[in-house]
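The lines below spell out each chain.
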Amino acid sequence: MHVDAAIRSRKSVRRFLPLSIPRHVVEHILQVAARAPSGNNVQPWHVHVVSGQAKQALCADLHTAATTQAEQHSAEYHYYPDNWFEPYQGRRRAVGFDLYEALGIERDDLPARNQQMLRNYQFFDAPVGVLISLDRRLNTGSFMDLGMFIQNIMLAARGQGLHTCAQAAFAWYHQIVRRHVPLADHDILVCGIALGHEDREAPENRMETPREQVANFASFHGFHEREASPSTLA
Ligand SMILES: Cc1cc2nc3c(=O)[nH]c(=O)nc-3n(C[C@H](O)[C@H](O)[C@H](O)COP(=O)(O)O)c2cc1C
């Protein structure tokens, strides 16, 4: 698979088929992903992989916590700002509305939206859940390293014909996760990743998220307009 094809075919899959994935495939994906660069090669990522009974037990407890005591839980790092502003606010809203529209959920149908949100804690039915943590004694820069590792997992999964969904939703329930996997006290649970085979029939998987054009987020300096680009070279 060309690297562009791997990148372009990655998308957040939110419904997976009930097909198991052998441990060696997950190990392969993680070994490839670990080629991610990191400042000073510190490789700050830690991973717990859950499947089968272990995943079921974790998901059951997470579901209980998210339905009955959500206000008692919070993440150990700030992913999002307290107050949203443009252009980020608009993009954030759009992806939510597009997802509900794909699922036929009315915007004001809060119970249905909540049910969809809770599917996070089933790893969207994926057979494998990957939990990523970071040693809290490291610093902000290590989040960049983790991001590259996480993206590598998602791309290496494409190489195996698999799909993923990164899930920060787990970060809020690190206390529950700690009861199921031996996360070190000094580790922050950063996110989960659902890993499995895409259910191609599922409407939520057909959603296409837009991206800005390069001209809207990049400016170029010191280039010559007449310079030939590879596509114009014979
Ligand atoms: C670190 C990270 C955490 C995310 N957390 C969640 C999550 O908890 N639940 C969810 O449904 N999607 C989650 N997403 C998926 C984003 O909503 C998605 O990447 C974005 O809308 C772009 O869509 P695409 O992945 O299909 O290109 C997360 C993505 C990233 C990178």
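Here the structure is a predicted model, which means the values were calculated and not measured. (Residues numbered from 1 in each chain as written. Predicted model: local features only at pLDDT ≥ 70, side-chain atom pairs only at ≥ 80, totals over all residues.)

## Some points on the overall build of the protein
Spelled out, the test is: Numbering of helices and strands runs from the N terminus; a helix is a DSSP stretch of H or I covering at least four residues, while a strand is a stretch of E covering at least two. Using C-alpha atoms as the atom set, the radius of gyration is obtained and then compared with a globule rule of 2.2 Å times the number of residues to the power 0.38. With C-beta atoms placed from the backbone, a residue is labelled by how many other C-beta atoms lie within 10 Å of its own: buried for 20 or more, exposed for 12 or fewer, partly exposed between the two.
Secondary structure assignment for the protein yields eight helices and four strands. Along the protein, helices (α) and strands (β) appear in the sequence α-α-β-α-α-α-β-α-β-α-β-α when read from the amino end. Over its C-alpha atoms the protein spans a radius of gyration of 19 Å, differing by no more than 12% from the 17 Å that the globule rule assigns to 234 residues. Projected onto its principal axes, the C-alpha coordinates of the protein cover approximately 60 × 45 × 40 Å. Burial status across the protein gives 25% buried among its 234 residues.

## With respect to the site of the ligand
The following threshold applies: For each residue, a C-beta atom is placed from the backbone, and the residue counts as near a molecule or strand when that atom lies within 6 Å of it. Ten residues, namely Ala, Val, Leu, Ile, Met, Phe, Trp, Tyr, Cys and Pro, are considered nonpolar, four, namely Asp, Glu, Lys and Arg, are considered charged, and the remaining ones, Gly among them, are considered polar.
Taken together, K11, S12, R14, V95, N120, C165, A166, Q167, A168, A169, C191 and T209 make up all the residues around the ligand. It is strand 3 (residues 163–167) that contributes the most residues to the shell around the ligand, three residues altogether. Partitioning the shell around the ligand into residue classes produces six nonpolar, four polar and two charged.

## Quick notes on the pairing of strand 3
Heads up, the rule is: A pair of strands is treated as paired once DSSP finds two or more bridges between them.
Of all five residues making up strand 3, four are buried, and the element is well covered by its neighbours. By the bridge criterion, five bridges tie strand 3 to strand 4 (residues 187–196) in an arrangement that is antiparallel. For H163, the partnering residue across the bridge sits in strand 4 and is G196.

## A closer look at the nonpolar core
The condition is simple: When buried Ala, Val, Leu, Ile, Met, Phe, Trp, Tyr and Cys residues are joined through C-beta atoms within 7 Å, the set is termed a nonpolar core. By the convention adopted here, residues make contact when the C-beta atoms placed from their backbones lie within 7 Å.
Of all hydrophobic cores here, the largest spans 41 residues; its most connected members are I132, I150, I153, V190, I193, A194 and L195. Going through the elements one at a time, helix 2 (23–33), strand 1 (45–51), helix 3 (52–68), strand 2 (128–135), helix 6 (141–159), helix 7 (174–180) and strand 4 are the ones with two or more residues in this core. Excluding residues that lie within four positions of it along the chain, I193 makes contacts with V130, I132, I150, I153, T164, C165, A166 and Q167.

## Focus on the packing of helix 2 against helix 6
Threshold: To get an axis, fit a line to the C-alpha atoms, keeping to the stretch in contact for a helix; angles then go from 0 to 180 degrees between the N-to-C directions. When an angle is under 35 degrees it counts as roughly parallel; over 145 it counts as roughly antiparallel; between 65 and 115 it counts as roughly perpendicular; any other value is oblique. For a crossing to be left-handed, the near helix must be turned anticlockwise from the far one by less than a right angle; the clockwise case is right-handed.
At a closest axis distance of 8 Å, the pairing of helix 2 and helix 6 adopts a crossing angle of 135°. By the angle between their axes, helix 2 is oblique relative to helix 6. Considering the relative orientation of helix 2 and helix 6, their crossing is right-handed. Along the contact surface, helix 2 presents I29, L30, V32 and A33, while helix 6 presents F149, N152, I153, A156 and A157. Grouping the amino acids of the contact of helix 2 with helix 6 by side-chain chemistry returns eight nonpolar, one polar and no charged.

## Concerning the sheet that holds strand 4
The strand order across the open sheet formed by four strands is 1-2-4-3, and the pairing between neighbours is antiparallel. Each edge of the open sheet is held by one strand with a lone partner, namely strand 1 and strand 3. Within this sheet the neighbouring strands show an average axis-to-axis angle of 25°, counted without direction. Along the sheet, helix 3 makes contact with strand 1 and strand 2, crossing strand 1 at roughly 100°.

## Regarding unusual backbone geometry
Following E86, the chain continues to P87 via a peptide bond in cis, the omega torsion being 5°. Structurally, P87 can be placed in the loop between helix 3 and helix 4 (88–103).

## Focus: helix 2
Residues spaced three or four apart along an α-helix face the same direction, because each turn holds 3.6 residues. Here is the rule we go by: This arc describes the spread of directions from the helix axis toward the C-beta atoms.
Taken together, the buried positions of helix 2 are occupied by V26, I29 and A33. For helix 2, the buried positions fall inside an angular range of 60° around the axis, keeping them on one side. The exposed residues of helix 2 that point more than 90 degrees off its buried face are R23, H24, E27 and Q31. Each element contacted by the buried residues of helix 2 is listed here: strand 1, strand 2, helix 6 and strand 4.

## What about the environment of G129?
Position of G129 among the secondary structure elements: in strand 2. Judged by C-beta crowding, with 26 C-beta atoms within 10 Å, G129 ranks as buried. For the pair formed by G129 and K55, sequence separation is 74 residues and the distance between their alpha carbons is 7.1 Å.

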